[in-house]
Amino acid sequence: MAGSVHEQLLILISTPFYIIIIGLELLLSHLQHRKLYSWKDTVSNIYLMLLNAGIDLGFRVVYVAVYVYLYNHKIVSWETGISYWVLLLLAEDFLYYWLHRFDHEIRLFWAVHVTHHSSELMNFSVGFRSSVFQPLYRFIYFMPLAWLGFRPLDILFIYSATQIWGIFVHTELIKKMGWLEYIMVTPSHHRVHHASNPKYLDKNMGMFLIVWDQLFGTFQPELPDEEYQEKKYGLTTTPDSKSPVSLVFHEWQQIGKDLSQKELNWKDKWNYLFGPPGWSHDGSRQTSRELLEKENELTVGG
């Protein structure tokens with residue numbers, strides 16, 4: 001029950017914090033004559049957040065029950081203290097890194113996560129642009145934590161706490177954060193993550209700590225525009241429609257079209273579902289790796 005109380009306190013504390021930072025960003029955007037916000041984009045962010053929150057709330061009884069069952073069969077017992085919370089933070093952030101990475105590298109999960117990357121802007125409200133159906137499977141990644149003796153509500157609390165930082169890093173107004181750049185995910189790192197330039201695709205997957213990206217080869221620092229190219233946010237291919245339904249389901253609709261092609265074999269169908277986004281049996285589209293290779297070839301050739 002303590003974890004639930006802590007989570008409620010987080011919501012009470014963070015809500016006015018979000019309002020303040022979004023208000024300040026809006027003000028600075030206006031004063032600096034920068035178009036960091038649009039009404040349509042912000043409304044879309046709120047719409048996706050509410051859909052995600054509704055699914056999460058409705059499905060919570062299921063995944064909490066799974067955590068409780070695993071916790072009741074735990075193989076380790078912990079004394080609550082600093083080491084407990086530090087280990088839980090590190091373990092949960094590590095598992096989130098793989099959740100996020102697989103969301104980018106497996107098309108079936110990218111079809112869920114794509115909504116978060118569909119904005120062509122970068123501001124604090126984009127942090128609320130949720131992967132709508134992720135609550136239906138996200139809990140699976142954190143199941144080992146309950147089995148290892150971390151209390152279910154503490155798992156939810158740490159996830160909510162790191163989410164606060166995950167929203168804070170969605171901004172263009174904070175450039176670099178000194179020594180924190182080597183340890184934590186910063187706005188600079190996350191701008192790279194949201195950019196659709198080939199060198200930036202599928203990079204900087206961490207939520208709280210950047211060390212996982214450094215360890216597993218997905219780290220990419222933000223480069224000056226004059227050294228590489230100006231960042232372009234959003235998807236490599238813009239959907240035909242940005243209606244509320246298409247915003248959530250456009251990648252699923254494309255998967256349906258891909259799978260309905262008559263000339264496909266079972267391997268092709270598997271790759272359209274579980275291969276990397278952008279994979280195509282006839283080479284008509286390109287994955288992030290292929291886009292980067294093509295860019296490198298043009299650079300060398302130039």
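What you see is a predicted model; the values in this text were computed from it and never measured.

Colleague: Hey, could you go over the nonpolar core for me, with residue numbers and the actual values?
Modeller: Y63, Y67, F142, L145, I155 and W165 are the most contacted members of the largest nonpolar core, which has 45 residues in total. Listed by contribution, the elements that provide at least two residues to this core are α1 (2-31), α2 (39-72), α3 (82-105), α5 (138-147) and α6 (152-168). At nine residues, α6 tops the list of elements feeding residues into this core. In this structure, V192, A195, L223 and Y228 belong to the second largest nonpolar core, which totals five residues.

Colleague: Run through the pattern of salt bridges, naming residues and quoting values.
Modeller: Per the counting criterion, the structure on display carries 12 salt bridges. Two residues, D56 and R60, come together in a salt bridge whose shortest N-O distance is 3.4 Å. Of the two residues, D56 and R60 both sit in helix α2, four residues apart, roughly one turn of that helix. By relative accessible area, R60 is classed as partly exposed at 24%. The partner of R101 in a salt bridge is E105, with the nearest N and O atoms 2.9 Å apart. One end of the pair is R101 and the other is E105, both in helix α3 and four residues apart, which spans about a single turn.

Colleague: Mind laying out a nonpolar patch on the surface, listing which residues take part and the relevant values?
Modeller: Together, I20, L24, L27, L28 and L31 give the surface a local cluster of nonpolar side chains, amounting to about 460 Å² of exposed area. Relative accessible area serves as the criterion here: at 51%, I20 is assigned to the exposed category.

Colleague: How would you summarise the packing of α2 against α6 if you had to cite specific residues and measurements?
Modeller: Across the interface, α2 lies against α6 with an axial gap of 9 Å and an inter-helix angle of 125 degrees. Between α2 and α6, the angle is such that the two are oblique. Contacts from R60, Y63, V64, Y67, V68 and Y71 of α2 reach α6 at P152, I155 and L156. Class assignment of the residues belonging to the contact of α2 with α6 gives a composition of eight nonpolar, no polar and one charged.

Colleague: Report on helix α9 (residues 244-259), specifying residues and quantitative values.
Modeller: Each α-helix winds once per 3.6 residues, and so residues spaced three or four apart point in a common direction. Its 16 residues give α9 an end-to-end C-alpha distance of 24 Å, which sits within 8% of 22 Å, the value for a rise of 1.5 Å per residue. The largest bend in α9 is about 60 degrees, located at H250. Looking at α9, one finds that the buried residues are S246, L247, V248, H250, E251, I255 and D258. Next to the buried residues of α9 lie α2, α4 (107-113) and α10 (266-274).

Colleague: Give a description of the environment of A65 that names residues and reports values.
Modeller: Turning to its location among the elements, A65 is positioned in helix α2. Note: C-alpha distance between A65 and D202 (137 residues apart in sequence) is 33 Å.

Colleague: Help me get a handle on the packing of α2 against α9, residues and values and all.
Modeller: At a closest axis distance of 10 Å, the pairing of α2 and α9 adopts a crossing angle of 65 degrees. In this structure, α2 crosses over α9, and the sense of that crossing is right-handed. On the side of α2, the interface is formed by S44, Y47, L48 and L51, while α9 contributes P244, V245, L247 and V248. Classifying every residue of the contact of α2 with α9 by side-chain character gives seven nonpolar, one polar and no charged.

Colleague: Please give an account of the side chain of D154 that cites residues and values.
Modeller: With respect to the helices and strands, the residue D154 is situated in helix α6. Given a relative accessible area of 4%, D154 falls into the buried group. A polar atom in the side chain of D154 sits 2.8 Å from the side chain of R151.

Colleague: Explain unusual backbone geometry to me, and be specific about the residues and the numbers.
Modeller: Residue H33 is not a glycine yet carries a positive backbone phi of 55 degrees. By the element assignment, H33 lies in the loop between α1 and α2. Overall, H33 belongs to the exposed group, its relative accessible area being 73%. Phi is positive for D202, close to 60 degrees, though the residue is something other than glycine. Relative to the helices and strands, D202 is located in the loop between α7 (187-194) and α8 (211-216).

Colleague: Just give me the short version of the packing of aromatic side chains, but keep the residues and values in it.
Modeller: Per the counting criterion, the structure on display carries 27 aromatic pairs. Consider the rings of W78 and F150, whose centres lie 5.2 Å apart with planes at 20 degrees: the pair is stacked. With W78 in the loop between α2 and α3 and F150 in the loop between α5 and α6, this residue pair connects regions lying 72 residues apart in the sequence. Looking at W78, the relative accessible area reads 32%, which means it is partly exposed. In this structure F150 comes out as buried when scored by relative accessible area, which is 4%. Aromatic ring contacts, followed pair by pair, group F94, Y97, W98, F102, Y141, W212 and F216 into a single cluster. Positioned over the ring face of Y228 is K199, at 5.4 Å from the centre of the ring. Between the NZ or CZ atom of K269 and the centre of the ring of W266, over which it lies, the distance is 4.9 Å.

So, how was this worked out
Numbers given for residues are sequential positions, taken from 1 along each chain in its written order. Whole-chain, interface and lining totals are the exception, using all residues; otherwise, since this is a predicted model, local features are given only for residues with pLDDT of at least 70 and side-chain atom pairs are given and counted only at 80 or more. As a convention, hydrogens and water are excluded, and side-chain values are obtained from all of the structure's heavy atoms. Nonpolar cores were defined as sets of buried Ala, Val, Leu, Ile, Met, Phe, Trp, Tyr and Cys residues, with membership established by side-chain atoms within 4.5 Å. Only protein chains enter the calculation, and the probe is 1.4 Å; a residue is then buried if its accessible area is under 20% of its type maximum, exposed if over 50%, and partly exposed in between. Secondary structure counts use DSSP, requiring at least four H or I residues in a row for a helix and at least two E residues in a row for a strand, with both numbered from the N terminus. Any carboxyl oxygen of Asp or Glu within 4 Å of a side-chain nitrogen of Lys or Arg constitutes a salt bridge here. Patches draw on residues past 30% relative accessible area with no salt bridge. Two like charges within 9 Å are joined, as are two nonpolar side chains (Val, Leu, Ile, Met, Phe, Trp, Tyr) within 5 Å. Surface exposure here means Shrake-Rupley accessible area, sampled with a 1.4 Å probe, where a residue is shielded only by the protein chains that are shown. Throughout, an axis means a line fitted to C-alpha atoms (over the contacting stretch in the case of helices), and angles, computed between N-to-C directions, take values from 0 to 180 degrees. Each angle receives one of four descriptions, namely roughly parallel if under 35 degrees, roughly antiparallel if over 145, roughly perpendicular if within 65 to 115, and oblique otherwise. Residue contacts are defined here by distance: any two heavy atoms, one from each residue, within 4.5 Å place the two residues in contact. Each residue is assigned to one class: nonpolar for Ala, Val, Leu, Ile, Met, Phe, Trp, Tyr, Cys and Pro, charged for Asp, Glu, Lys and Arg, and polar for all the others, Gly among them. Each helix should span, by expectation, one fewer than its residue count multiplied by 1.5 Å. At any given residue, the bend is defined as the angle formed between two axes, one fitted to the seven residues that end at that position and one fitted to the seven that begin there. Helix crossings fall into two classes, left-handed where the near helix is turned counterclockwise from the far one by less than a right angle and right-handed where it is turned clockwise. Here a polar contact means two N or O atoms within 3.5 Å. Within protein one must be a hydrogen donor candidate and the other an acceptor candidate, and residues neighboring in sequence count only if both atoms are side-chain atoms. Between the rings of Phe, Tyr and Trp (Trp by its six-membered ring), a pair exists once the centres lie within 6.5 Å; its type follows the angle of the planes, with under 30 degrees stacked, over 60 edge-to-face, and the other angles tilted. Only when the NZ of Lys or the CZ of Arg is both within 6 Å of the ring centre and within 35 degrees of the ring normal is a charge said to sit over the ring.

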